[in-house]
Amino acid sequence: MEAYFSVEVSMFLTLLAAAMWGSWMQIQKHLHGYPIAGVIFWLYTFSFILIWAITLIVSPFLLDRSILEISLENADTVLTILVGGGLMSMGLYTSLVVVGKVGLLLSTTISGGIGIVLGVFTSIAEEGLPEDDVALMLIVVSTVIFIAAGFVCAAASSSRDKDHKVKEKAGTMSAGVILLMLFTAILQNGWSMGTAAGTARNFAPVLTCAYMATGSFISVAVVTGISFTRKKQWKQVFAVGESKAPIVMSAGAALCHYGGNLMSIYSMPALSATVSFLLGKSANVWTIFWGMYYKEFSHISRKTKVLLWSGIGLYFAGIILLGIYYLF
């Protein structure tokens, strides 16, 4: 069977995956009118191809039986993972709709805060509470810290907008948008649902990722396919007569998104699904760093700087707390 990474390597790969997750969404800044639904369609199409290509290449070396035999023997786990992957991709699709209404940082903060709580509970429900009281305490404290970090960074984002004299659009945070963010958090919890099921039931990580990608592709292909057909958008999606740059960027995004997923899932057995999920929340730090790169935080007040770096510091504090237990 598969040989797993050490704790140190697993932590490094999980944090690297988080950096990849926090980076690929920047694609939306370069679409120039290309539909975001088209990006999602290509993102999960390329992800499906990429992950299954890797799986078919490495499975003879990592698995002691055929993929079909292992899958049939663990049919209930496969189904859970498929559903989890499908929900996750629909949650991402919905979140990008929210991003267009309230902004990337604010949407990931609010839905992310709810998502952290749901993800931790889902992971623990599947794999159980840590037997070590210290580990449990660190998980609880880190969860609180990551949630606080998100809201402090959201406050920094709001303060930055005031510094830049950006007026908030009327109705931006309507009841409908808030409900949409709640719904998004529930859907994105499919990540914890699928990955925790695979990890807790000792299902091969490489197959866990492959079936997550399959569930993601199927759900997105059905939903966006119906939409593209009704709106007669297929030519636009395939960029007929237009620049293919959005499709190429979607392929790069797939490498970051599901390439990161593969590294994270394969590292979970050494860390636990719960700890891996929490470390993955550091992706928001990279969203902030990219915001700095695009000069979204230039010419800001001292108050905004204090909020911003306090939020970043809290994210790193959560990472360090989780690392202390495993590394020391």
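Located above this text is the structure these notes cover.
Residues numbered from 1 in each chain as written. Predicted model: local features only at pLDDT ≥ 70, side-chain atom pairs only at ≥ 80, totals over all residues. Heavy atoms only, no water.

S.K.: With reference to specific residues and values, describe the pattern of salt bridges.
M.R.: All told, the structure shown has six salt bridges when counted by the stated rule. In this structure, the salt-bridge partner of Glu 126 is Arg 201, at a minimum N-O distance of 3.1 Å. Placement of the pair is Glu 126 in helix 5 (residues 104-127) and Arg 201 in the loop between helix 8 (190-200) and helix 9 (205-231), with a sequence separation of 75 residues. By relative accessible area, Glu 126 is classed as partly exposed at 29%. By sharing partners, the salt bridges in this structure join Lys 29, Arg 160, Asp 161 and Glu 296 into a single network. (Salt bridge = Lys/Arg side-chain N within 4 Å of Asp/Glu carboxyl O. Helix = DSSP H or I, 4+ residues; strand = E, 2+ residues; numbered from the N terminus. Buried < 20%, exposed > 50% of the residue type's maximum accessible area, 1.4 Å probe, protein only.)

S.K.: Explain the packing of aromatic side chains to me, using residue names and the numbers behind them.
M.R.: Note on aromatic pairs: each is described by the distance of the centres and the angle between the planes. Evaluated as defined, the whole model comprises 18 aromatic pairs. Members of the aromatic cluster, joined through ring pairs, are Phe 41, Trp 42, Phe 46, Phe 228, Trp 234 and Phe 238. Seen from the ring of Phe 297, Arg 160 lies directly overhead, with NZ or CZ sitting 4.8 Å from the centre. (Phe/Tyr/Trp six-rings, centres within 6.5 Å; stacked < 30°, edge-to-face > 60°. Lys NZ or Arg CZ within 6 Å of the ring centre and 35° of its normal.)

S.K.: Quick one: what's the story with helix 13 (residues 283-293), residue by residue and with numbers?
M.R.: Those residues of helix 13 that fall on the buried side of the exposure criterion are Ala 283, Asn 284, Val 285, Thr 287, Ile 288 and Gly 291. Looking one or two places after helix 13, you find Lys 295, whose phi comes out positive at around 60°.

S.K.: Quick rundown of the packing of helix 9 against helix 11 (residues 245-271)? Include the residues and the values.
M.R.: Helix 11 packs onto helix 9 with a crossing angle of 140° between their chain directions and a minimal axis gap of 8 Å. Looking at the two axes, helix 9 sits oblique to helix 11. For the crossing formed where helix 9 meets helix 11, the hand is right-handed. Facing Pro 205, Val 206, Thr 208, Cys 209, Met 212, Ala 213 and Ser 216 of helix 9, the residues of helix 11 in contact are Tyr 258, Asn 261, Leu 262, Ile 265, Tyr 266 and Pro 269. For the contact of helix 9 with helix 11, the per-class residue count stands at 10 nonpolar, three polar and no charged. (Axes fitted to C-alpha atoms, helices over the stretch in contact; angles between N-to-C directions. Parallel < 35°, antiparallel > 145°, perpendicular 65-115°, else oblique. Left-handed = near helix turned anticlockwise from the far one by under 90°. Contact = heavy atoms within 4.5 Å. Nonpolar A, V, L, I, M, F, W, Y, C, P; charged D, E, K, R; others polar.)

S.K.: Can you explain the side chain of Thr 224? Please cite residues and give values.
M.R.: Mapped onto the elements, Thr 224 comes out in helix 9. The class for Thr 224 is buried, based on a relative accessible area of 1%. Ignoring any residue separated from it by four or fewer positions in sequence, one finds Thr 224 in contact with Ala 37, Phe 41 and Tyr 93.

S.K.: Which residues make up unusual backbone geometry, and what values do they have?
M.R.: The residue Asn 202 is not glycine, and still its phi comes out positive at about 55°. Within the fold, Asn 202 resides in the loop between helix 8 and helix 9. Residue Asn 202 is classed as exposed on the basis of its relative accessible area of 64%. Residues other than glycine seldom take positive phi values, yet Lys 295 does so here, at roughly 60°. Within the secondary structure, Lys 295 sits in the loop between helix 13 and helix 14 (302-327). Under the relative-accessibility criterion, Lys 295 is labelled exposed at 61%.

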